[in-house]
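Working through the structure, step by step
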Amino acid sequence: MSVLVYTENWDGQFKKLSFELVSFACKLAEMTNTSATALSIGNVEKNELSKLGKYGINKILNCPGDQYKVLDNQVFTSIIEQAARKEEAQIIILSHNNAGKALAPRVSAKLKAGIVTAVSAIPASIEPLTVLKKVYSGKAFAKITIKTNIKILTLAQNSFELIEKDSDAGIEEFNADISNDFFKTKVKNVEKQKGKIILTDAEIVVSGGRGMKSPDNWSPIEELAELLGGATACSRPVADEGWRPHEEHTGQTGKIIAPNLYIAAGISGAIQHLAGISSSKNIVAINTDKEAPVFEAADYGIIGDAMKVLPELIKIIKEMKS
Amino acid sequence: MIKQIIFLILLLAASYLFYKNVKIIRRNINLGKDIKINDNRWKRWVLMFKVAIGQSKMSVRPVSGIMHILVYAGFIIVNIEMLEILIDGIFGTHRLFAFFGNVYTVLVSVFEFFAFAVLFACIIFLIRRNILRIKRFWNKEMTLWPRTDANIILITEIFLMSAILTMNASDSILQSYADNHYVNVGSFPVSSLIQPLLAGLSVNSLIFIERFCWWFHIIGVLAFLNYIPYSKHFHVFLAFPNVYYSKLKPIGEISNMPSVTKEVRLMLNEDTSVPAEEEETEEITFGAKNIKDLTWKNLMDSYSCTECGRCTSSCPANITGKKLSPRKIIMDTRDRLEIAGKNIDRKGKEFDDGKSLFDLITKEELWACTTCNACTQECPVNIDHLSIIVDMRRYLVMEEAAAPSEINTIFTNIENNGAPWQFSNEDRLLWTE
Amino acid sequence: MKILICLSNVPDTTTKIRFTDNNTAFDKTGVQWIINPWDELALTRALELKDVSNVTVDKVTVITVGTKDTESTIRKALAIGADDAIRIDAEPSDSYFVATQISEVLKKNMYDIILCGIESSDFNGSTVGGMVSELLNIPSVSAVSALNIEGENITLNRDIDGGKETISISAPFVGIVQKGISIEPRIASMRGIMMAKKKPLNVIQPAEAEALTEYQEYELPKAKAACKMISPDNVKELVELLKNEARVIQ
C-alpha cells in the first residue's frame, strides 16, 4: 500500500510544481499511514532526483530512457500502471497540467480507479476518500467521494504549500516493460518560447485588457512583469485582435492560472476571463470604470488610468527594491 | 420612288430590330420571381403621374431638374414632328402638314424652341459631366462604359437637334427659290439665326444640306432607337412602368418571409424529434443568390436605372468611405442579368455558369448598408435598392450563416440569453433598480 | 475518414448556478443548455475539414450521454453541420460511466478520429477523452491546438509547457482538443436548422456500466471579501499592502 506520485520532468529538471505534488503525496501518505513513492520517467540526473527527498518522499522509482523524451500517452500510462501495481499504490497523484490531463484519465480507466481532477486541498476525509473540487467553471464546489480501491487525484498548480521534510529517499531503477512498437506518437517538430517565464508556472502575472487602448501601450505591463519576476498575460479580445500572442490569453477558453499575484490592468472582468484567474491568491484590478465586474473578483483595486498607475507602481517598486 | 423604298426598308428593319431587343429585355426581366403587383391601381397611376411624368423627385436638385425637364419635355414634343417625317419618307412628300398654314408654322416654331432647349441642356450636361466633373458621375462603378454611354447620348441628341435646325434653316432659304417642292411655310425663329451661315451657298448645295440633314436626322433617330436597349437611356421607356409598380408600403417596412414564419411556428410548437411535414421548402432558396431569386420588379429596377448616382451620393455608408454604392448594386444586378440572358441565348436554359450576384457584389458592400433608405427616397424612377440588398443578406445569413462574426455572436447571445450581450437572462430587470 | 465528436450538454455561461434537494443536485429550472464550448470547437474543426474535402472527411457524427432533454442541443449540432447523432439514453453520473458508454458504442462501430473537448464547463473534469482512448486501447493526444488531415496523413499541434509540438499520428486515435483548434464556432443557418430535423438521431440504450465516483453534495463559494480600494494618487499604499499584507512581493 502506498501513495504513488508521478513527477514529470522538463528536460531533466523538476519545477516547483513537482515539489508541490510530492508535498501533497507525502501528506496523504501520512494521513493513510503508508509510504510515498515518486515515479520519474525519462532521463533525470541523480542529484535532481534526490531533490524530491527534501519534501518527504520515501522512495523514488527511476525509469530512464531516451525513448521517453516525447510524451506518448499510451506508453506513459502503461509505465505508471506498472509502477502502481508494483508499489501496490492505493492513491495515485499527478499534476493537473498538460501531462496530467493526458495521463491521469488513462490510468484511471486502465486500473478502473475513480478519479477527481484539479483538487486544491487535502481530502476532507480519507475513508471514504472525499475531496472538494471546483465545478461550473469555479462558480461552485462539489464534494466527491471515490468509491474504488485505487484512487487518483490530480493537483491544481500552485494550490498546495511546499512542506519541507528531509527523508532518506532511495532511488530504485525501474525498467518498465514497454515494447518498441507501442510508441505511436511521432513528433515532427518542437517550437519553444525561449527565455520567457511560462505563464502557468509564473507566481506573479501582470495582465492587460482592451482598456490599455493599443498594443503600443504594453511596455509598462512588460516592465512591471519583468521587475516582479513574473509573466505577462492578456484578455481574450486583446489576443483576438493580435495585440498579444494567443499563448498569453487567460480565461475560460485560454489558460487557467492560479498565481500568487495577478494584476489586471484595463480588464473589465468578463465572466470568462474571471473563470481563468479566479483561483489566483491575490488579484489587483486597475480600471477607470468603477462599475467594472473585475472589482468584484479583486482583492485590491484602483480606479484609475492604467497608463498612469502602472508607471507609478513601477517607480515605487524600483525604489523599494533598491 | 427608290428613296421611299429605302426609307421603308430602313424603317421596318429598325423597328424589327428594336422589337427583338425589347423582347429580350422583357424575357430577362421575367427571369425573376413572379410576384403579383395589382393592388391600389388608382394610387399607382397617381404616383406614376407625379414621379415619372411630373419628375417630382428631380426637383431636389433644381439645376439638373430644370435641365432634365427641358430635355424630357423637348424630346417628347419634338418627336411629334416624327409623324410628318415618317409620312414624308414613306409617301415621298415634303412637309405634308404644311397645308395647316399658319398653325403649322407656329407648331414648328415651338418645336424649334424645344429643339434648341434640348441642345442647350445637353451642352450643359456635357459640361457638368466632363468639365465640372460632378462627383456622383465619377464614383468607382462609373467606369469607361457608363461614362461613354452618357456622353454618346448627349452628343447624339446635340447632333440630331442640330440636324433639325440646320435642315429648317436651309429649307427656309430654299423656299425663296420658288421650287414648288419647298413649300412656303416661312422662317422659323431659331433656325433663322443659322440662315446667315448658309447664305451665299448655291441652290444645289442648299438642297444637298437640307436633304442630308433630313436623312441624317431620321437615320440618326432609328439608329439611336436601336442603341437605347443597350444603354441606360432605356429608362425613357421603362421609367413609367417602373414607377407604376413601385413599392407602396412605407419606405422602411421590410417584407416578411412567410417560409420563415412557418418554420418558426414549427420550432415553437413541435417536438424536435417529430419530423415536420415536408414541402418543397427544399427548392426555395432563402434570400437571393442569383437572378432567379430576385423578383421581376427587382430586375425591371435594374433596367430602369439611369445611373444618375443620386442614391450613392445620399448613402451615409458611401459618404463615410464604405465600399457600398447603391447604384453599383443596381448596375451589377443588371450586368449579371445580362450575362444570365446571354447564357440562355447561347447555351440554353439549363446552363449554369457557376457564378452568382456575389461574384459582382461583395459581402463587405452588403453589410455596410444601414437600411436607412436614403437611396430609395432619392431615386427619380423609384428603384428599391433595399430589396436586393436585404435579400442578398438573407441568403448569406439563412443559407450560409455567413454573417460577420459580430452579428453571429449577437445571434448566439439572443438564442442563449435572450439579449445581444452575454448577460444572464435572470438579470434582465436589473436596470430598473 | 469518419470523425466522432463527443458532446457534453452544459448550462450556458451566464447561468446562475443553484442547487436543489439539499444541495445534492443542480437546479435545472430556467437553464439554457448549450454544447460544451470545447466540444463545439472540436465539432467546428471537424466540419471545416469536411468542407475542405468531403472525400477526406466523409462523415461527422456527434455522440452524447444524456436524457431526452439534451436533444435540442444535439439538434443544434446537427444544424451546424454534423451528419448524424447518437444519444445514449442515460444520466451521465460520472466521467467513467460516460466513457464506458461511448467506448461500448465505438467497439461496435469504430471511427477513425474521436475528438473531445479538453474539459466541460460544468464539471471541468478533463477525463472522458483519455478514458475512452484507454478503454479502446488506442492512442490519444491531449492539449491539441491544431488538426490537419491530408489524405491519410494526420498532423496535430500539441501544446506543451512553453511551446508546442507538431505530431503525426495514425487513425484511430482520440484527440483531446483545446483553444486554437478552431477559431470561430459556427452558427446554424436557416437551411441547417431545417435539415437538422431530418438528420438521424439514434437513441440507444445504455450498456452495463458503473460510476467510480459519487457526487455527494454541492456548495456555493463563500462571498468574497470586498475589494480594498486604493486611491490612484496613493499607489504606495498598494505596494505596501502587497508587501506586508498579501506578502506577494518583496
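For the structure given in this document, a descriptive report is provided here. (Residues numbered from 1 in each chain as written. Chains lettered and ligands numbered in written order. Predicted model: local features only at pLDDT ≥ 70, side-chain atom pairs only at ≥ 80, totals over all residues. Heavy atoms only, no water.)

1. Observations concerning unusual backbone geometry
For the record, the criterion: Numbering of helices and strands runs from the N terminus; a helix is a DSSP stretch of H or I covering at least four residues, while a strand is a stretch of E covering at least two.
Cis geometry marks the peptide bond from Glu127 of chain A to Pro128 of chain A; its omega dihedral reads -5 degrees. Relative to the assigned elements, Pro128 of chain A resides in the loop between β5 (114-119) and β6 (130-135). Residue Ala171 of chain C is joined to Pro172 of chain C through a cis peptide bond whose omega torsion reads -5 degrees. Relative to the helices and strands, Pro172 of chain C resides in the loop between β11 (163-169) and β12 (173-177).

2. Topic: the side chain of Glu71 of chain C
Residues and elements named next belong to chain C. Where we set the bar: Summary of the burial criterion: residues with accessible area below 20% of their type's maximum are buried, those above 50% are exposed, and those between are partly exposed, where the area comes from a 1.4 Å probe applied to protein chains only. Any N or O atom pair separated by 3.5 Å or less is treated as a polar contact, with the protein-specific requirement of one donor-capable and one acceptor-capable atom, and with residues adjacent in sequence counted only for side-chain atom pairs.
Mapping Glu71 onto the fold places it in helix α2 (residues 71-80). For Glu71, a relative accessible area of 5% puts it in the buried group. Within the local environment of Glu71, its side chain forms a polar contact with the side chain of Arg87, the two groups lying 3.1 Å apart.

3. Considering the sheet that holds strand β11 (residues 204-208) of chain A
Heads up, the condition is: Two strands make a pair as long as DSSP finds a minimum of two bridges between them. Angular values range over 0 to 180 degrees, each being the angle between N-to-C directions of two axes fitted as lines to C-alpha atoms, with helices fitted over their stretch in contact. We call two residues in contact whenever any of their non-hydrogen atoms come within 4.5 Å of each other.
Strand order in the open sheet formed by 6 strands is β12(A)-β11(A)-β13(A)-β14(A)-β15(A)-β15(C), with parallel pairing between adjacent strands. Edge positions in the open sheet fall to β12 (231-234) of chain A together with β15 (228-230) of chain C, since each of these has one partner strand only. Averaged over neighbouring strand pairs, the angle between their axes works out to 20 degrees when direction is ignored. In this fold helix α9 (residues 306-321) of chain A packs onto β13 (261-265), β14 (282-287) and β15 (300-303) of chain A, with an angle of close to 130 degrees to the strand it touches most, β14 of chain A.

4. Describing the interface of chain B and chain C
Selection criterion: Accessible surface is computed with a 1.4 Å probe, and the buried area is the amount of it that two parts give up when combined, taken over both parts together. Whenever a carboxyl oxygen of Asp or Glu lies within 4 Å of a side-chain nitrogen of Lys or Arg, that contact is scored as a salt bridge. For this scheme, ten residues count as nonpolar: Ala, Val, Leu, Ile, Met, Phe, Trp, Tyr, Cys and Pro. Four count as charged, namely Asp, Glu, Lys and Arg, and the remainder, Gly too, count as polar.
Chain B puts 30 residues into the contact, and the matching count from chain C is 21 residues. Summing the contributions of chain B and of chain C, the shared interface buries around 2,300 Å²; its carbon and sulfur component is 51%. Connecting chain B to chain C are 4 salt bridges. The partner of Arg18 of chain C in a salt bridge is Glu426 of chain B, and the shortest N-O contact between them spans 2.5 Å. Taken together, the links from chain B to chain C amount to 8 residue pairs in polar contact (both at pLDDT 80 or more). Of all the secondary-structure elements, those providing two or more residues to the side of chain B that touches chain C are α10 (258-269), α17 (385-398) and α18 (405-417) of chain B. Residue composition of the side of chain B that touches chain C, by class: 11 nonpolar, 11 polar and 8 charged.

5. What about the environment of Ile87 of chain B?
Within the secondary structure, Ile87 of chain B sits in helix α4 (residues 81-91). In contact with Ile87 of chain B, not counting residues within four places along its chain, are Gly92, Thr93, Leu96 and Phe97 of chain B.

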